[in-house]
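Residue-level structure breakdown
Here are the chains, one letter per residue:
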Number of protein chains: 2
Amino acid sequence: MNLESPLTYSHTLLAPVIQSGDTVIDATVGNGHDTIFLASQVGRTGHVLGFDIQPQALVATKQQLVLTGLAPQTNLILAGHESLNDYLDADQEITAATFNLGYLPGSDKTITTTSTTTVPAIAACLQHLRRGGIVSVMVYYGHPAGKSEKQAVLDYVSGLDQAAFQVLQYQFINQVHEPPFLVAIQRR
Amino acid sequence: MNLESPLTYSHTLLAPVIQSGDTVIDATVGNGHDTIFLASQVGRTGHVLGFDIQPQALVATKQQLVLTGLAPQTNLILAGHESLNDYLDADQEITAATFNLGYLPGSDKTITTTSTTTVPAIAACLQHLRRGGIVSVMVYYGHPAGKSEKQAVLDYVSGLDQAAFQVLQYQFINQVHEPPFLVAIQRR
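Residues numbered from 1 in each chain as written. Chains lettered and ligands numbered in written order. Predicted model: local features only at pLDDT ≥ 70, side-chain atom pairs only at ≥ 80, totals over all residues. Heavy atoms only, no water.

**Notes on the pairing of strand β2 (residues 47-52) of chain B**
Residue and element names in this part refer to chain B. Our working rule: Relative accessibility decides the category of a residue: with a 1.4 Å probe and only protein chains considered, values under 20% of the type maximum give buried, values over 50% give exposed, and everything between is partly exposed. Only DSSP runs of H or I with at least four residues qualify as helices, and only runs of E with at least two residues qualify as strands; both kinds are numbered from the N terminus onward. In this description, strands pair whenever DSSP reports at least two bridges between them. Note on handedness: a crossover is taken as right-handed if, strands pointing away from the viewer, the path from the first strand over the helix to the second is clockwise.
With five of six residues buried, β2 lies mostly within the body of the structure. As paired strands, strand β1 (residues 23-26) and β2 are joined by four bridges and run parallel to one another. By the bridge assignment, V24 is partnered in β2 with V48. You can see the chain leave β1, run along helix α2 (residues 33-42) and come back into β2, and the turn it takes is right-handed. Two elements, β2 and strand β3 (residues 74-78), share five bridges in a ladder whose sense is parallel. The residue bridging V48 from the neighbouring strand is T74, located in β3. Each parallel crossover has a hand, and the one from β2 via helix α3 (residues 55-67) to β3 is right-handed.

Here's what the structure looks like:
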């Protein structure tokens, strides 16, 4: 058994936490990889809210959802994740949220997530997170704006009250390039 | 399911890697927690070499091994782990090694592992490590000498050739005190 990549490990952590019928969030739809995973976990009675600011990401993901029969439980929303509270009732609980920071692979690399919206969006997800629920943040920081976003995210999550949250960093540390790492935040 | 502590996660990683009959190393016997785990994993046909420089650690661990029927496959050696090559044939393969850095709980806190022996001992284990095998290092760095040892270990492992090894750091990052973290090194 090989050590899991951060992305694979994020799904290993999320899978047992998400139940049929849950409401969950994909804060960065991108290539739809997490959206598909989340939609299959929550099932027909569940609900995935997926956010992205790039129409082509939503169009391509919608096609995949239709082909896999996962569209009914999925709402794709053309908006930044910083507005997610506009789409959730104040008392709506979620069991999971996923973030993939950086740019959309194969697209305009200058369009990236940034700390000014990422940190408030993580904070909004934590407000709605049920006990035992997990917010997963894949931090890709190889692009020019990536370093400051990485630092802002680490500053924010490492300051979360340890009585309320566990914050795990899962990272390969001997790679020449700057591979993505995982931050997983679980409400106690 | 809660996020696993670094110590629990180290056993989660090691368990599927260690087979009956394997040879493995506990480089820091201490309270015997890892020795017992390793001895139960390798079974009667396997072999655990356990090192410690403190006689009381070995005496207490020996008692536990006898009580649990795990003594036959275990060799406890009163010597520092830097001498482990004296106890292994040059071509002996191992599938796992465990390190718990710091001091022996409940004992003299000034007797700690230090980078001058820890880093060479990790290097020796890696020489013998079979493909797929894992060296697990629990880094306790709350004691005075801990910071420099932690840095020396991180410098060493983060410089390991990524074509030969994967080096994972698994750490909770929002705790006020300085909790131990795990470094897991797997030979590809």
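**Concerning helix α4 (residues 115-128) of chain A**
All names here are of chain A. What counts here: The span one expects for a helix is its residue count, reduced by one, times 1.5 Å. Throughout, a residue-residue contact means that at least one pair of heavy atoms, one from each residue, lies within 4.5 Å.
Here α4 spans 20 Å end to end across 14 residues, near enough to the 20 Å set by a 1.5 Å rise per residue. All buried positions along α4 are accounted for by T118, V119, A121, I122, A124, C125, L126 and H128. Buried positions along α4 lie against β1 (23-26), β4 (94-100), β5 (129-139), α5 (146-158), β6 (165-172) and β7 (181-187).

**Things to note about α3(B)**
All names here are of chain B. The criterion, for reference: By definition, the arc is the one covered by directions from the helix axis to the C-beta atoms.
Its 13 residues place the ends of α3 19 Å apart at the C-alpha level, agreeing with the 18 Å of an ideal helix rising 1.5 Å per residue. When α3 is considered as a whole, its buried residues turn out to be A57, L58, T61 and L65. One side of α3 carries all its buried residues, which in axial view fall inside an arc of 90°. Opposite the packed face of α3, turned more than 90 degrees from it, sit the exposed residues V59, Q63, V66 and L67. Buried residues along α3 sit in contact with α2, β2 and β3. Downstream of α3 by a residue or two, G69 has a phi angle that is positive, lying close to 75°.

**Some details on the side chain of S136(A)**
Residue and element names in this part refer to chain A. By secondary structure assignment, the location of S136 is in strand β5. Using a relative accessible area of 3% as the deciding quantity, one classes S136 as buried. Those residues in contact with S136 that sit more than four places away from it in its chain are S10, L14, A97, T98, F99, L182 and V183.

**A few points about the confidence of the model for chain A**
Applied cut-off: How sure the predictor is of each residue is captured by pLDDT, a score from 0 to 100.
When pLDDT is averaged along chain A, the result is 95; 100% of the residues meet or exceed 70. As a predicted assembly, this complex carries a pTM of 0.96 together with an ipTM value of 0.95.

**Observations concerning the side chain of Q73(A)**
Residue and element names in this part refer to chain A. Keep this limit in mind: Nitrogen and oxygen atoms within 3.5 Å of one another constitute a polar contact, given that in protein one can donate a hydrogen and the other can accept it, and given that sequence-neighbouring residues count only through two side-chain atoms.
Tracing the backbone shows Q73 in the loop between α3 (55-67) and β3 (74-78). When its relative accessible area of 3% is taken as the criterion, Q73 is described as buried. Of the polar contacts made by the side chain of Q73, one reaches the backbone oxygen of A39; its length is 2.9 Å. A polar side-chain atom of Q73 sits 3.4 Å from the main-chain carbonyl oxygen of G43.

**Topic: the interface of chain B and chain A**
Short version of the rule: Defined here as a combined quantity, buried area equals the accessible surface (1.4 Å probe) lost by two parts on assembly, summed across both. All residues other than Ala, Val, Leu, Ile, Met, Phe, Trp, Tyr, Cys, Pro, Asp, Glu, Lys and Arg, Gly among them, are scored as polar; the first ten of these are nonpolar and the last four charged.
If you look at the interface, chain B gives 28 residues, while chain A gives 28 residues. Between chain B and chain A, roughly 2,600 Å² of surface is buried when both sides are summed, and carbon and sulfur atoms account for 57% of that area. Together, L3(B), I173(B) and N174(B) form the three largest contributors to the area buried by chain B at its contact with chain A, with a combined 28%. Secondary-structure elements contributing two or more residues to the side of chain B that touches chain A are α1 (6-14), α5 (146-158), β6 (165-172) and β7 (181-187) of chain B. Counting residues per element, the side of chain B that touches chain A draws most heavily on β6(B), at eight residues. Taken together, the residues of the side of chain B that touches chain A sort by class into 18 nonpolar, nine polar and one charged.

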